[in-house]
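Structure at a glance
Spelled out from the first residue to the last, the chains are:
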Amino acid sequence: MTEGGLALKDMEVLEEDRLCGKWRVGCGLYSYNMRDVFTWRLLKTIVMGQVLSLLICGTAVSCQYLADAGVDTPMLQSFLNYALLLLVYTTILSTRKGDRNILQVLKTKWWKYLVMGLADVEANYTVVKAYQFTTLTSIQLLDCFVIPVLMVLSWFFLKTRYRLVHFVAVMVCLLGVGAMVGADILAGRDQGSTRDVVLGDGLVLLSAVLYAVSNVCQEYTVKTLSRVEFLGMMGLFGTLISGIQLAVLETHAVTAIKWDFHISMLFAAYVLCMYGLYSFMPVVVKMTSATAVNLSLLTADLFSLFCGIFLFHYKFSTLYIISFVVITVGFVMFNAVPTYSALPESGSSEDDPAEVFADPAAESSSDLLLSPGRDPPRAETLAAAL
């Protein structure tokens, strides 16, 4: 072999070693350079996930205050959220032209968004209804069922492929939930009812399945179409479905509300938190995945408990801190290693200013590492130069 051939071979080996050193997961190894794992993208993912948890915490605190004031209208609260989505995003969708206009979307995909809206509305309703029949502990534990269901649905419908470390990360997160539930039991916070535990537990499981269906549909829509289309259709069909259920189930409860400034502000706080959650969650889903987002949301109960320590005088337990740390570690583990998905990310963010936080122009690590038949960009540059 000539000197030039040896030099070329050495350059190829060095390039391969360099790429393997930087992208070890792409080479099938499970030892990572910590500098490459804890990236700015991962930090943004963690922070954005905790913002979602804080928004859920806001809805929980406002709901607690409404319950203390004798207001029990979960469907009215959902209706107001969907109505705000309708006012903002459905209006934007109606101003679009061509195939992206709301009329064209309804002509071709109305039944898909109807199913998505129905799953989302009923998921919210069934989990609230479950509190009448079973305990808080059962709800906290069984609600985690959404994560394995999401992984199964993503595997079959989104063609997502997980590695062993992802399953380990999920188990770590669930251990954190177990620590939180244990702290609740020790603190005597096993609230709720035991009137019909079987029915209540069944409602929680049904809610988890419906949430999983809604989240998988959301991930597909925001990654292949657009965030505005998803939220516009969710606002339209969510308002329609929740409005019908509101008229059927809560007319008496709504008329019994004694409206004043305090009650109005609590409703406004709840609706704004839910609106922020629904508007921001697609951004995080597009950046990561529905499964990763739901793992980050496991800390929402902990934020609610921390608020409860100051607002409702809950008893503090060190297990709450341990639970938060364990869940965060599991979430970092899950996001540190990319998953492969055959889902084409062709959605446009030109009309979605909020998606700038997700850095849609940058290719994800899963695209670089695991896309079949694709070489890393620097390897292509080297080959072209040679």
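Being a predicted model, the structure only gives us computed values, none of them experimental.

**Some details on the side chain of N101**
Among the secondary structure elements, N101 is positioned in the loop between α4 (74–94) and α5 (102–130). In terms of polar contacts, N101 uses its side chain to reach the backbone carbonyl oxygen of R96, at 2.6 Å. Separated by 2.9 Å, the side chain of N101 and the backbone nitrogen of L103 make a polar contact. Ignoring any residue separated from it by four or fewer positions in sequence, one finds N101 in contact with L93, S94 and R96.

**Observations concerning the nonpolar core**
Nonpolar side chains tend to gather and get buried jointly when the protein is soluble and globular. With 44 residues, the main nonpolar core has L52, M233, F267, Y278 and V293 as its most contacted residues. If you tally residues by element for this core, the top one is helix α12 (residues 261–287), at 15 residues. Excluding residues within four positions of it along the chain, F267 makes contact with L66, V71, T73, L76, Q77, L80, I257 and W259. Counting 38 residues, the second largest nonpolar core, distinct from the first, contains A208, Y314, I327 and F334.

**Focus on helix α14 (residues 300–311)**
Helix length check: α14, at 12 residues, gives a terminal C-alpha distance of 16 Å against a target of 16 Å (1.5 Å per residue), a fit within 8%. Along α14, the residues classified as buried are A300, L302, F303, S304, L305, F306, G308 and I309. Tucked inside the fold, the buried residues of α14 contact α3 (40–68), α8 (164–186) and α15 (318–336).

**Remarks on the packing of aromatic side chains**
In this structure the tally under the stated criterion is 6 aromatic pairs. Ring geometry for F303 and F324: centres 5.7 Å apart, planes at 65°, overall edge-to-face. On the criterion of sequence distance, the pair formed by F303 in helix α14 and F324 in helix α15 is long-range, its members being 21 residues apart. The exposure class assigned to F303 is buried, which follows from its relative accessible area of 16%. Positioned over the ring face of W155 is R161, at 4.1 Å from the centre of the ring.

**With respect to the confidence of the model for the chain**
Looking at the chain as a whole, its pLDDT mean stands at 78, while 75% of the residues score no less than 70. Note that pLDDT drops below 50 for residues 11–30; the model gives that stretch 28 contacts with residues more than four away or on any other chain. Overall, residues 353–386 carries pLDDT values under 50, and its contacts beyond four positions in sequence, including any with other chains, amount to 50 contacts.

**Thoughts on a nonpolar patch on the surface**
A cluster of nonpolar side chains, contributed by W40, L43, V47 and V51, occupies part of the molecular surface with about 400 Å² of accessible area. Inspection of the secondary structure puts L43 in helix α3. With a relative accessible area of 42%, L43 lands in the partly exposed category.

Procedures and definitions
- Residues numbered from 1 in each chain as written.
- Predicted model: local features only at pLDDT ≥ 70, side-chain atom pairs only at ≥ 80, totals over all residues.
- Heavy atoms only, no water.
- Helix = DSSP H or I, 4+ residues; strand = E, 2+ residues; numbered from the N terminus.
- Polar contact = N/O pair within 3.5 Å; in protein donor to acceptor, adjacent residues only side chain to side chain.
- Contact = heavy atoms within 4.5 Å.
- Core = buried A, V, L, I, M, F, W, Y, C linked by side-chain atoms within 4.5 Å.
- Buried < 20%, exposed > 50% of the residue type's maximum accessible area, 1.4 Å probe, protein only.
- Expected span 1.5 Å × (residues − 1).
- Phe/Tyr/Trp six-rings, centres within 6.5 Å; stacked < 30°, edge-to-face > 60°.
- Lys NZ or Arg CZ within 6 Å of the ring centre and 35° of its normal.
- pLDDT = per-residue confidence, 0-100.
- Patch = residues over 30% accessible without salt bridge, like charges linked within 9 Å, V, L, I, M, F, W, Y side chains within 5 Å.
- Areas by Shrake-Rupley, 256 points an atom, 1.4 Å probe, with all protein chains shown as cover.
- Salt bridge = Lys/Arg side-chain N within 4 Å of Asp/Glu carboxyl O.

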